[in-house]
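Structure at a glance
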Amino acid sequence: MLDQEIIEIAKNIYDTEIKSLELRMNRLSENFVKVVRKIYDCKGKVVVTGIGKTGIIGKKISATFASTGTTSIFMNSTEGLHGDLGIINPEDIVLAISNSGESDEILAIMPAIKNIGAYIIAMTGNVNSRLAKASDLYINTHVEEEGCPLNLAPMSSTTNALVMGDALAGCLMKLRNFSPQNFAMYHPGGSLGRKLLTKVGNLMKMGEALALCKADTSMEDIVILMSEKKLGVVCVMNDDNNVLVGIITEGDIRRALKHKEEFFKLKAKDIMTENYIKVDKEEMATQALSIMEDRPHQINVLPVFDSDKFVGVIRIHDLLKVR
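Just so we're clear, the structure is a prediction, and the values are computed from it rather than from any experiment.

Rules and cut-offs
Residues numbered from 1 in each chain as written. Predicted model: local features only at pLDDT ≥ 70, side-chain atom pairs only at ≥ 80, totals over all residues. Heavy atoms only, no water. Helix = DSSP H or I, 4+ residues; strand = E, 2+ residues; numbered from the N terminus. Rg over C-alpha atoms; globule rule 2.2 N^0.38 Å. Contact = heavy atoms within 4.5 Å. Areas by Shrake-Rupley, 256 points an atom, 1.4 Å probe, with all protein chains shown as cover. Lys, Arg positive; Asp, Glu negative; His and termini not counted. Charge placed at Lys NZ, Arg CZ, Asp CG, Glu CD. Core = buried A, V, L, I, M, F, W, Y, C linked by side-chain atoms within 4.5 Å. Buried < 20%, exposed > 50% of the residue type's maximum accessible area, 1.4 Å probe, protein only. Axes fitted to C-alpha atoms, helices over the stretch in contact; angles between N-to-C directions. Parallel < 35°, antiparallel > 145°, perpendicular 65-115°, else oblique. Left-handed = near helix turned anticlockwise from the far one by under 90°. Nonpolar A, V, L, I, M, F, W, Y, C, P; charged D, E, K, R; others polar. Phe/Tyr/Trp six-rings, centres within 6.5 Å; stacked < 30°, edge-to-face > 60°. Lys NZ or Arg CZ within 6 Å of the ring centre and 35° of its normal. UniProt positions renumbered as here; feature names shortened; annotations may be inferred.

Focus: the overall build of the chain
Summing up its helical and strand segments, the chain has 15 helices and 11 strands in all. Against the 2.2 N^0.38 benchmark of 20 Å for 323 residues, the chain shows a C-alpha radius of gyration of 31 Å, more extended than a compact globule. Along the first, second and third principal axes, the C-alpha atoms of the chain reach 90 × 55 × 35 Å. For the chain, contacts bridging at least 24 residues in sequence account for 65% of all contacts bridging at least 6. On the chain, roughly 17,500 Å² of surface is accessible, and the fraction owed to carbon and sulfur atoms is 52%. Seen as two clouds, the 38 positive and the 41 negative side-chain charges of the chain have centres 2 Å apart.

Some points on the nonpolar core
Counting 23 residues, the largest nonpolar core has Ile39, Phe65, Leu95, Met123 and Leu168 as its most contacted members. Put simply, the parts of the chain that give this core at least two residues each are helix 2 (30–40), strand 1 (46–50), helix 3 (52–67), strand 3 (93–98), strand 4 (119–124), strand 5 (137–140) and helix 7 (156–175). Here the element with the most residues in this core is helix 7; it accounts for five residues. Excluding residues that lie within four positions of it along the chain, methionine 123 makes contacts with Ile61, Leu95, Ala96, Ile97, Ser98, Ile139, Thr141, Ala161, Met164, Gly165 and Leu168.

Regarding the packing of helix 2 against helix 7
Where helix 2 contacts helix 7, the two axes come as close as 10 Å, and the packing angle between them is 55 degrees. The pairing of helix 2 with helix 7 is recorded here as oblique in orientation. At the point where helix 2 passes helix 7, the crossing takes the right-handed sense. Of helix 7, the residues touching helix 2 (which contributes Phe32, Val35, Val36, Ile39 and Tyr40) are Met164, Ala167, Leu168, Cys171, Leu172 and Leu175. Along the lines of polarity and charge, the residues of the contact of helix 2 with helix 7 split into 11 nonpolar, no polar and no charged.

Some points on the packing of aromatic side chains
Considering all chains together, one arrives at three aromatic pairs under this definition. Both rings, one in phenylalanine 263 and one in phenylalanine 264, keep their centres 4.9 Å apart while their planes meet at 85 degrees; by these two values the pair is edge-to-face. On the basis of relative accessible area, phenylalanine 263 is assigned to the buried category, the value being 4%. On the basis of relative accessibility, which here comes to 59%, the residue phenylalanine 264 falls in the exposed class. Measuring from ring centre to ring centre gives 6.3 Å for tyrosine 276 and phenylalanine 305, while their planes differ by 15 degrees; the resulting arrangement is stacked. With tyrosine 276 in the loop between helix 13 (268–271) and strand 9 (279–280) and phenylalanine 305 in strand 10 (residues 301–306), the pair connects residues that are 29 residues apart, well separated along the chain. Of the two residues, tyrosine 276 and phenylalanine 305, neither departs from the other in class, the shared state being buried. Cluster of aromatic residues (ring-pair linked, three or more members): Tyr276, Phe305 and Phe310. Its end group placed over the ring of tyrosine 119, lysine 38 keeps NZ or CZ at 4.2 Å from the ring centre. Across from the ring centre of phenylalanine 305, 4.5 Å away, lies the NZ or CZ of lysine 278, which sits over that ring.

Quick notes on the UniProt feature "domain: SIS" (unreviewed entry) in the chain
UniProt's feature table lists "domain: SIS" (unreviewed entry) at residues 35–178, given in the numbering used throughout. Structurally, residues 35–178 comprises 44% helix and 18% strand, and the distance from its first C-alpha atom to its last is 19 Å.

Here it is as structure tokens:
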């Protein structure tokens, strides 16, 4: 088989599945809206069930629900026959996924779910199936053709079920006003959690780590402080050591060096920046990074305040870790 023939097979599969998605998208009905509102009003959880390939899709749908504000769990239909039905409560919704709507394992648990009192929603490609008839509400995921070259292996049908699940989750997110902060709450690990949850106060340098001086501190002592603390900034405090009156950055020292003959005669007050840009410790780290990067001349360090009180400094190096 030629390389181009392989590419053509792949393109045909893409084309078939895209067409099936477009067809189903254009046939979204009032039933879809009813399902969205039913799940939104649910006082319990959404128990997604299925077997085989649709079971795998069901696991993903359930995981997407759970991570976007809709409490959900997946139950393998076969395991449901052997005790896992105990996870279902009367206030729950059971979302049963079967393309044919005739899967024996799923049909076998329907009477028990009805006895428990849970609401049943079917996601099926056959609205005349026994599953659809056993359900309180159904969503049609029918496809005309599978992507499989033999038209046998579930491809278009599983893709449609997956996208239908995403569509449900997305609509529910909007109804719940689900925010990036909500999303981060369910994703505290990894780079995404760090980006959405980390505040300036979590990364700032404070206390003994700070380089502090007074307005009349000599240039020699400033250079020593800058070198010892390695923060790229010396903070100039008032006589009572409770108000930040200015900051001295490495850039300020470089500019002062242009006057070599006067350099060591200078004091902190002579080179400090009094109109400094600051950030609150409750500010999101990503916002502080934007403040630093969006200036005409990039800022590498910012003083951090808790309301009106100076509490530390934040460096761009620390903020880049959460990007």
